[in-house]
Each structure stands twice: as structure tokens, then as C-alpha cells.
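Overview (structure and organization)
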2 protein chains.
Amino acid sequence: MTHAHAESSAAGRIVAATHHWPRGFRASVGAAAIKKPGRDDLALLAMPEGASAAAIFTRNLFAAAPIEVSRRHIRDSRGHASALILNSGCANAATGPRGLGNAQEMVDAVSIALGCACEAVLVNSTGVIGVQLPMDRIAPVIPKMATGIAEALDAGPLEPFARAIMTTDTKPKMSARRIELPDNRTVHVAGVAKGAGMIRPDMATMISVLATDAAVEPKALDRILRHAADASYHRISVDGDTSTNDSVFAFASGVAGACDEILLARAFREVACELARMIVCDGEGFERSLAVRVTGAATKTDALKVAETVASSLLVRTAITGGDPNWGRIVAAAGRAGVAFRPGDLELRVGGILIFRDGEPCPADSSAVRAAFNGSHVAVEISLGATDGATAETNSDEFLSCGLTTEYVRLNADYTT
Amino acid sequence: MTHAHAESSAAGRIVAATHHWPRGFRASVGAAAIKKPGRDDLALLAMPEGASAAAIFTRNLFAAAPIEVSRRHIRDSRGHASALILNSGCANAATGPRGLGNAQEMVDAVSIALGCACEAVLVNSTGVIGVQLPMDRIAPVIPKMATGIAEALDAGPLEPFARAIMTTDTKPKMSARRIELPDNRTVHVAGVAKGAGMIRPDMATMISVLATDAAVEPKALDRILRHAADASYHRISVDGDTSTNDSVFAFASGVAGACDEILLARAFREVACELARMIVCDGEGFERSLAVRVTGAATKTDALKVAETVASSLLVRTAITGGDPNWGRIVAAAGRAGVAFRPGDLELRVGGILIFRDGEPCPADSSAVRAAFNGSHVAVEISLGATDGATAETNSDEFLSCGLTTEYVRLNADYTT
């Protein structure tokens with residue numbers, strides 16, 4: 001997940017951009033006192049009719065009611081959308097037929113207020129599981145938000161939207177890139193996210209919304225989104241649980257015209273990776289991040305498996321919190337990943353320092369090793385023996401996690417419903 | 001893992017017994033100041049020449065040096081052993097060729113001191129990873145322990161052995177059963193264990209030694225051991241990490257003569273299950289145990305997968321610590337187990353109280369629900385919909401875990417090498 005912030009190619013150049021929606025997108029927020037009064041807990045994003053849409057939804061069997069509705073709409077519309085409505089404070093998950101009816105009612109209200117087709121509206125919720133949405137408070141706010149959309153600036157700031165979908169996040173998560181094309185046109189990619197870490201036990205969701213003003217067909221947008229998610233959201237872990245409401249949406253307004261797909265995919269990936277890093281670093285009780293990079297595996301899948309096993313190990317994650325140069329746990333976690341390699345071939349580096357090789361610890365400067373384990377970011381590199389440079393690089397992968405802290409446990413345990 | 005302590009059948013009756021080794025076994029301990037002086041850190045178990053032996057070793061690719069030696073010996077001896085030597089304070093793992101030589105040297109010293117074949121001696125270690133054994137301190141103690149064996153009582157107490165292999169365990173773990181056979185003979189099964197939970201980061205091992213005085217062929221003993229381990233050690237989790245030194249040994253001295261295999265297997269299973277529960281309840285920072293029973297799955301494997309996913313979920317385990325009636329996390333964990341079932345079919349009971357059915361929460365007495373989550377043991381039952389009683393029972397499984405506590409994290413993070 002380490003990508004330069006400015007990448008150039010024959011097709012153009014990607015640079016950081018201010019935190020605004022791309023052209024063609026207008027957003028508004030509203031307060032419906034869903035969980036507590038006085039804060040914005042509804043967020044509406046509107047785009048030109050016929051905009052391309054793609055989405056990745058949770059694979060949890062207990063997908064929330066709004067996920068069912070959105071899944072159907074994106075299929076029926078063949079990848080097009082006019083609006084997305086999100087709420088925080090209630091997940092509308094495990095709510096049975098009434099929950100499904102409420103999700104549908106939210107969508108209908110947006111469709112009426114904005115004057116667009118019902119299946120052109122997507123919806124998701126985040127918050128407490130097993131509680132019904134307060135539709136009596138939500139319904140009157142939606143027309144006001146539609147008025148807000150009519151009055152909103154095109155390509156306005158991301159922040160109000162990013163704030164309205166926060167649950168236990170301590171800060172809004174936003175990222176944006178500008179693609180400068182050879183013909184002097186510019187294309188924008190921007191995104192917002194809310195965290196996967198759950199301070200409060202029932203707020204179990206990662207949601208991200210990515211948008212571009214490039215013209216992209218739904219199928220291409222779907223490819224671009226999957227590529228970006230695979231390099232970002234699928235490479236992070238805060239608590240390993242997949243929620244009932246996890247989702248990533250991507251929209252393309254088309255206003256800025258065509259853009260090279262590879263370049264656009266790179267910009268999406270950069271935005272998604274930056275948001276994913278923000279999610280990890282805003283995880284519950286966050287103190288220190290941990291990146292595990294594995295190279296020289298027999299396959300790329302093997303590399304990911306080892307990286308994920310090490311990055312998710314409770315023993316490794318507690319050692320990282322303690323700043324403990326306890327490489328034995330890292331080696332042992334790699335050894336139980338279910339991936340075949342010769343143990344004698346494994347080389348371990350932490351913060352660039354060679355620590356373990358040929359089945360034995362290496363002589364290393366112990367204060368330097370201690371320092372490598374004590375930074376705000378711990379970089380673990382594991383080589384599994386493929387010495388051919390090209391193969392070692394191809395069959396590699398990386399996973400991002402964080403130290404497991406007493407604060408994480410306290411925050412997750414001390415909640416009383 | 002709930003088995004009556006007295007089971008009777010046509011073949012005999014199983015009852016609880018005092019914590020002694022079965023006949024034919026003699027044990028002695030020694031202090032070699034491996035990690036710290038003044039405590040017993042070596043344990044030797046001797047049995048008649050030709051005793052049957054079976055073992056299950058860690059599947060971690062970084063199996064420790066003594067595991068390599070024991071694996072070879074049990075193969076070369078075709079399942080026979082005369083002695084087992086264990087040490088605490090140093091795992092002799094990730095120690096390269098020198099570590100392998102040291103494990104061999106321990107075995108040789110026992111073989112010479114007891115006058116038995118080298119491959120009839122098994123060995124394992126537990127403690128810090130990546131540190132060499134202090135052979136200069138261990139070597140002189142072994143002959144003294146052999147003298148101890150010569151002077152020891154046959155079928156002496158389990159406790160000194162159980163104490164000598166402790167690392168971060170707060171208490172020794174012992175269990176014993178007597179089988180009363182119809183012909184008035186008695187057969188004994190006894191066992192000791194040390195914990196899987198790791199307070200100190202490098203002491204990463206579960207070791208158990210099970211013994212019987214029944215006459216059993218090595219192949220039958222291997223079957224009996226695998227059956228017992230499958231119902232016990234393979235159904236618990238403290239931190240999900242498989243260590244470099246995990247092992248379970250089983251020995252049969254044959255002194256008490258033949259015993260019905262089913263009955264013997266049941267006694268082994270009872271002893272192993274009792275030891276496994278002790279391991280969970282002596283896990284680091286233990287406050288509350290959690291049993292997840294899944295019935296009505298499509299297959300037994302599916303039942304285990306769901307039970308293990310729920311019992312291992314960080315969000316579920318922190319909720320259990322908090323005594324939080326947060327059933328949404330349980331349902332969500334079941335839904336991401338990678339097992340196919342109809343979400344609407346899932347029924348959830350906690351402490352016997354029906355909480356979730358038909359995709360919706362059930363009306364339940366909230367103070368009773370709260371009480372079910374606040375006992376010293378939380379019993380979660382998940383039915384996945386197979387209503388045929390016989391199938392529901394067959395396709396079921398159970399997994400035992402415990403609340404994840406701030407103390408667990410503190411203990412695992414606060415260690416400095």
C-alpha cells in the first residue's frame with residue numbers, strides 16, 4: 001500500500017487534490033436524531049442521471065436490509081445510479097421484513113424528492129444491529145436534504161458527508177486525486193470512508209464511497225473498483241470481523257470525459273489505499289501500525305496468506321503494542337499460515353534490519369532492533385526464499401494492521417446496551 | 001466437552017481418581033536454573049521397556065528442535081518409548097543446528113542414565129524462542145534425575161511433574177480416571193498439561209502428557225490419542241496461535257492388562273477434556289469462559305467452522321468480557337464463517353434463552369439475558385436450521401474459548417526481552 005503520490009505516464013499524471021467531490025456530484029447532510037440528537041446522521045449524494053455505479057458488498061450471510069435493496073438496485077439498473085443515501089446510528093441489520101421495508105422507504109423517499117427512478121437510488125446504514133430505524137424522524141428530513149442538494153455547489157467539499165457517516169471514528173476520512181491528462185483536461189477521483197474498527201460494539205461497518213468525473217462504463221468502473229479494493233480494503237484488518245453492512249461504492253459522473261483506464265485505476269487505488277490506511281490508524285485504541293510484506297512465496301496467494309496470518313496474530317499484535325522486539329512470534333505465525341515453504345529459507349527483517357536467517361537469529365544491534373519495534377509504524381518484511389528477483393517481486397503481497405491495545409479491549413468490552 | 005464424570009457400560013465404569021500416574025510410570029524432577037534458579041524446570045517420566053507411545057506434534061513449519069528429534073524417535077521405534085524428558089524456561093526453537101544437537105544431547109544423557117535405547121527417549125521443551133539451552137547446567141542434573149527415578153514410587157503423584165513443566169500457568173493441571181472393569185480389575189488413565197495461553201511472549205506452548213497402565217498396541221493408542229485430542233485440545237482457543245513446541249504425548253505401560261478400547265478411549269477423552277478446560281480457564285487474563293455449541297449444520301465440519309469462528313471472534317470475545325448482551329456480534333460472526341446456511345433459519349440461545357429467530361431479535365426478558373451474559377461461563381447455542389433431531393445432533397460441534405481481557409493484552413505487550 002505504498003504508492004507515490006504523484007505518478008506520471010504517457011497517459012498523464014496523478015497528483016494530490018483538495019478534498020472536494022469530482023464534478024457532477026452534489027452532496028447534502030441532515031440530522032434525524034437516529035441515535036442522538038444534534039448531529040448530522042444522514043448523508044445524500046446526487047449525480048447526473050445515468051451515472052455509472054459499481055459496488056462491493058459484505059459477504060456476511062447476515063447482510064443488512066439496505067444491502068439487500070442496494071444489491072437488487074444495482075443489478076436491475078445494470079450499474080447506473082442517480083443517488084446514494086447513507087445513515088449512521090442504526091445499521092438496520094437483523095431487523096427482518098420490517099427492516100427491509102424501512103430500507104425501501106428511505107429509497108422511495110429519495111426517489112420522490114429528487115425525481116429519479118427508484119432503482120437508481122442506493123442505500124446503506126451503519127450503527128446498532130437489531131434495532132429498527134426511526135422512520136418517523138428520518139422521513140421528514142429527506143425532502144429537506146433534497147432541497148439541500150438543489151442548493152449545493154457542484155463538486156463541493158467532502159467533509160460534511162464524511163462526518164455524517166462517522167460512528168466511532170475520531171476523524172473524517174477523505175482523500176482526493178487529480179489526473180492531469182496530456183490534452184490538458186483534468187479528471188478527479190475522490191473518496192470518503194468510515195472505519196472498520198468498532199469502539200462501540202454494534203457499530204460494525206466499513207463504508208467507503210469513491211467518485212470520479214471521468215466517463216467510464218459500468219463494467220470498467222466495476223473492474224477499477226475491485227482492483228482498488230483488492231489493494232486497499234482487502235489488505236487491512238482491525239478486528240478481523242466482517243460486518244453486516246460493509247460496502248464500497250464507486251460512481252462516475254462522466255462530466256470530465258474519457259480517461260485512460262489504467263491511469264484512472266491507479267488514482268482510484270491511491271485514494272482507496274489512503275482511506276484504508278486512515279481506517280487502520282483510526283482503529284479502536286490505535287497506537288502503532290504494522291505492515292507485513294511477504295516476498296518470494298510460491299504464489300501471490302501464499303504471500304497474502306502469510307502476510308495476513310502474521311498481521312492478524314494476537315501475539316504479534318500485542319508484541320507490537322508493547323514495542324517488544326519479539327521476532328519469535330512473527331516467525332511462528334508465518335510457520336502456521338498453512339503455506340508450504342522451507343523454514344530454513346525464511347528471512348525476517350524488521351525496519352530493514354536482518355533478524356532471522358538460516359533457521360537461526362542473526363547477530364543484530366539490539367538497540368537498533370528495539371528502535372525498529374518502537375516506532376509509530378513497524379515494517380515487517382518476510383522473504384520466503386524465492387531468490388529470482390522477478391518471481392520474488394511478483395509472488396509478494398502486503399497486509400496492514402495495528403497493535404492490539406488494552407484500550408481496544410476496554411472500548412469493546414465496556415459498552416453496556 | 002461436557003461429559004459425565006462417571007460413565008458406565010457393559011464393559012465397565014469410569015470414575016474420578018486421585019492425581020497419580022498409572023502403574024508402571026515413575027517420575028522425577030530437577031532444577032537446572034534454565035531460566036531462573038531455584039525452581040524445578042526439568043521433568044522425567046520413565047516407563048517399562050516396550051511401553052506403547054503415540055504423539056501429536058505441532059504443524060507449525062518452525063517446529064522446535066526437540067519436536068524434530070521426538071518425531072524421528074517415535075517413527076524409528078514404531079510407537080514405543082521408555083522415557084520422556086521435558087524442560088521449561090527455554091523452547092529450543094529457532095535455534096538451528098546447535099539447537100538440534102542440544103535436543104539430541106538431552107536424549108542421549110537420559111538414554112545413558114536410564115540404560116535404555118536412544119530412540120526410546122522422547123523430548124520436548126517450552127519457554128523462550130531463539131535462545132540456546134544451557135547444556136552445561138542441564139547435563140549434570142539428568143543423572144541425578146535418573147537416580148530420582150530409581151528411588152521414586154511406582155504410580156507416584158502427578159503434581160511435581162505438572163509443576164516442573166509450568167511456564168506462565170498459575171496452577172498445575174492434572175486429571176485422572178479409574179476404569180472399573182467387569183472382572184474386578186482396574187485400569188488408570190492420568191494426564192498433566194501446561195497452558196497454551198502465553199503471558200510471556202516467548203513461552204508459546206501447550207504440552208500434555210497422558211498415560212495409562214492398560215495394555216494397548218501403539219496403533220490403538222494412536223487412535224485413542226487422536227480421538228481424545230480432537231474432542232479437547234483441538235476445540236479450544238486462547239490466542240489462536242499454534243506454537244513451535246505444541247505436543248500431546250500418550251503412553252501405555254501395559255501393567256494393568258487389557259481394557260476395552262471404547263472404554264479406554266472415553267477415559268482418555270474425559271482426562272483430555274478436563275485438562276483442556278483447565279488450560280482455557282488458566283489462560284492469560286482469564287475472567288470468563290465461553291462455549292459455543294452449533295447444531296443443525298449441513299455437516300459436522302460446518303458446525304465446527306461456525307463454532308470456532310464465533311468463539312474466536314475478537315468482537316464476541318470482548319463482548320463476553322464486558323458481560324455485554326451483544327448478540328448482534330454473535331450472529332454477524334456466524335454469518336462470516338464461510339459456511340452456507342439460510343440466515344432466516346438461525347436460532348440463537350444464550351444461557352438457554354432464545355434471543356434471535358426468523359431473522360429478528362426475539363422478545364426476551366432483558367434482565368435474564370443480561371444475567372446469561374454475566375456468569376463465569378457463557379453458553380452460546382446456535383441452531384442452523386436442520387430440524388430433524390438426529391441430523392441436528394450429528395451435525396453439531398462445540399468450541400471453548402474465553403473473554404478477551406485488557407489483562408491478556410497487558411500481559412502480552414508489557415514484556416521486554
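These numbers were taken from a predicted model, which means no experiment stands behind them.

1. Examining the sheet that holds strand 13 (residues 353-357) of chain B
Residue and element names in this part refer to chain B. Strand order in the open sheet formed by 6 strands is 14-13-12-15-11-16, with mixed pairing between adjacent strands. Edge positions in the open sheet fall to strand 14 (360-361) and strand 16 (397-402), since each of these has one partner strand only. Both strand 11 (residues 289-295) and strand 16 contribute to a ladder of 6 bridges, which runs antiparallel. Bridging from a neighbouring strand, Arg293 pairs with Glu398 of strand 16. This element, helix 10 (residues 327-335), spans strand 12 (347-350), strand 13 and strand 15 (377-383) of the sheet and lies at about 135 degrees to strand 12.

2. Some words on the sheet that holds strand 13 (residues 353-357) of chain A
Residue and element names in this part refer to chain A. Pairing in this open sheet of 6 strands is mixed, and the strands run 14-13-12-15-11-16 from one edge to the other. Looking at strand neighbours, the two that pair on one side only are strand 14 (360-361) and strand 16 (397-402), the edges of this open sheet. Contacts from helix 10 (residues 327-335) reach strand 12 (347-350), strand 13 and strand 15 (377-383), with the element oriented near 135 degrees to strand 12.

3. Brief notes about the pairing of strand 9 (residues 207-214) of chain A
Residues and elements named next belong to chain A. When you tally the buried positions in strand 9, you get 8 out of 8 residues, the bulk of the element. One ladder, built from 6 bridges, connects strand 8 (residues 186-194) with strand 9; its direction is antiparallel. Residue Val189 lies in a different strand from strand 9, and its bridge partner there is Thr212. Sheet topology note: the strand 9/strand 10 (residues 247-257) ladder contains 7 bridges and is parallel. Across the sheet, the residue bridging to Ile207 is Ser247, located in strand 10.

4. Structural notes on helix 2 (residues 96-114) of chain B
In this model, helix 2 of chain B (19 residues) spans 28 Å end to end at C-alpha, consistent with the 27 Å of a helix rising 1.5 Å per residue. Gly115 of chain B sits one or two positions beyond helix 2 of chain B and adopts a positive phi of about 70 degrees.

5. Overview of the environment of Ile236 of chain B
Residue and element names in this part refer to chain B. Mapped onto the elements of the fold, Ile236 is located in the loop between helix 6 (218-231) and strand 10 (247-257). Residues Ile236 and Ala340, spaced 104 residues apart in sequence, show a C-alpha to C-alpha distance of 23 Å. Aside from chain neighbours lying at most four places away, what touches Ile236 is Ala276, Ile279, Val280, Leu400 and Ser401.

6. Some remarks on helix 7 (residues 261-281) of chain B
Over its 21 residues, helix 7 of chain B runs 30 Å from end to end, which matches the ideal 30 Å to within 8%, given 1.5 Å per residue. When you tally the buried positions in helix 7 of chain B, you get 18 out of 21 residues, the bulk of the element.

7. Focus on the domain arrangement of chain A
Per the domain assignment, the segments of chain A are domain 1 (7-281) and domain 2 (289-413). Taking the mean C-alpha position of each, domain 1 of chain A and domain 2 of chain A sit 33 Å from one another.

8. Things to note about the packing of helix 6 (residues 218-231) of chain A against helix 7 (residues 261-281) of chain A
All names here are of chain A. At a minimum axis separation of 8 Å, helix 6 and helix 7 run at an interaxial angle of 40 degrees. Put simply, helix 6 runs oblique to helix 7. With respect to the hand of their crossing, helix 6 and helix 7 are arranged in right-handed fashion. Here Ala220, Ile224, Leu225, His227, Ala228, Ala229 and Ala231 of helix 6 come into contact with helix 7, specifically with Glu261, Leu264, Ala265, Phe268, Arg269, Ala272 and Cys273. Class assignment of the residues belonging to the contact of helix 6 with helix 7 gives a composition of 11 nonpolar, 1 polar and 2 charged.

9. Points about the confidence of the model for chain A
Of the residues in chain A, 92% reach a pLDDT of 70 or more, and the chain-wide mean stands at 89. Throughout residues 198-203 of chain A the model reports pLDDT below 50, and contacts reaching past four residues in sequence, or to other chains, amount to 30 contacts.

10. Concerning unusual backbone geometry
All names here are of chain B. Even without a glycine there, the phi angle at Ala94 is positive, about 60 degrees. Looking at the secondary structure, you find Ala94 in the loop between strand 5 (80-90) and helix 2. By the C-beta count within 10 Å, which is 27 here, Ala94 ends up buried. The phi torsion at Asp358 lies on the positive side, around 55 degrees, for a residue other than glycine. Its place among the elements puts Asp358 in the loop between strand 13 and strand 14.

11. Brief notes about the environment of Met174 of chain A
Residues and elements named next belong to chain A. Here Met174 shows up in strand 7 (residues 173-180). Overall, the presence of 22 C-beta atoms within 10 Å leaves Met174 in the buried class. Discounting residues that sit within four places of it in the chain, Met174 has contacts with His19, Leu158, Glu159, Ala162 and Val192.

12. What to know about the packing of helix 1 (residues 65-76) of chain A against helix 2 (residues 96-114) of chain A
Residues and elements named next belong to chain A. Interhelical geometry of helix 1 versus helix 2 gives an angle of 55 degrees and a closest axis separation of 8 Å. Here helix 1 lies oblique to helix 2, going by the angle between them. At the point where helix 1 passes helix 2, the crossing takes the right-handed sense. For the pair formed by helix 1 and helix 2, the contact residues are Ala65, Pro66, Glu68 and Val69 on the first element and Gly99, Leu100, Asn102, Ala103, Gln104 and Val107 on the second. Class assignment for the residues of the contact of helix 1 with helix 2 results in 6 nonpolar, 3 polar and 1 charged.

What counts, and at which threshold
- Residues numbered from 1 in each chain as written.
- Chains lettered and ligands numbered in written order.
- Predicted model: local features only at pLDDT ≥ 70, side-chain atom pairs only at ≥ 80, totals over all residues.
- Pairing = 2+ DSSP bridges.
- Helix = DSSP H or I, 4+ residues; strand = E, 2+ residues; numbered from the N terminus.
- Contact = placed C-beta atoms within 7 Å.
- Axes fitted to C-alpha atoms, helices over the stretch in contact; angles between N-to-C directions.
- Buried ≥ 20, exposed ≤ 12 C-beta atoms within 10 Å, placed from the backbone.
- Expected span 1.5 Å × (residues − 1).
- Domains from an automatic or database assignment.
- Parallel < 35°, antiparallel > 145°, perpendicular 65-115°, else oblique.
- Left-handed = near helix turned anticlockwise from the far one by under 90°.
- Nonpolar A, V, L, I, M, F, W, Y, C, P; charged D, E, K, R; others polar.
- pLDDT = per-residue confidence, 0-100.

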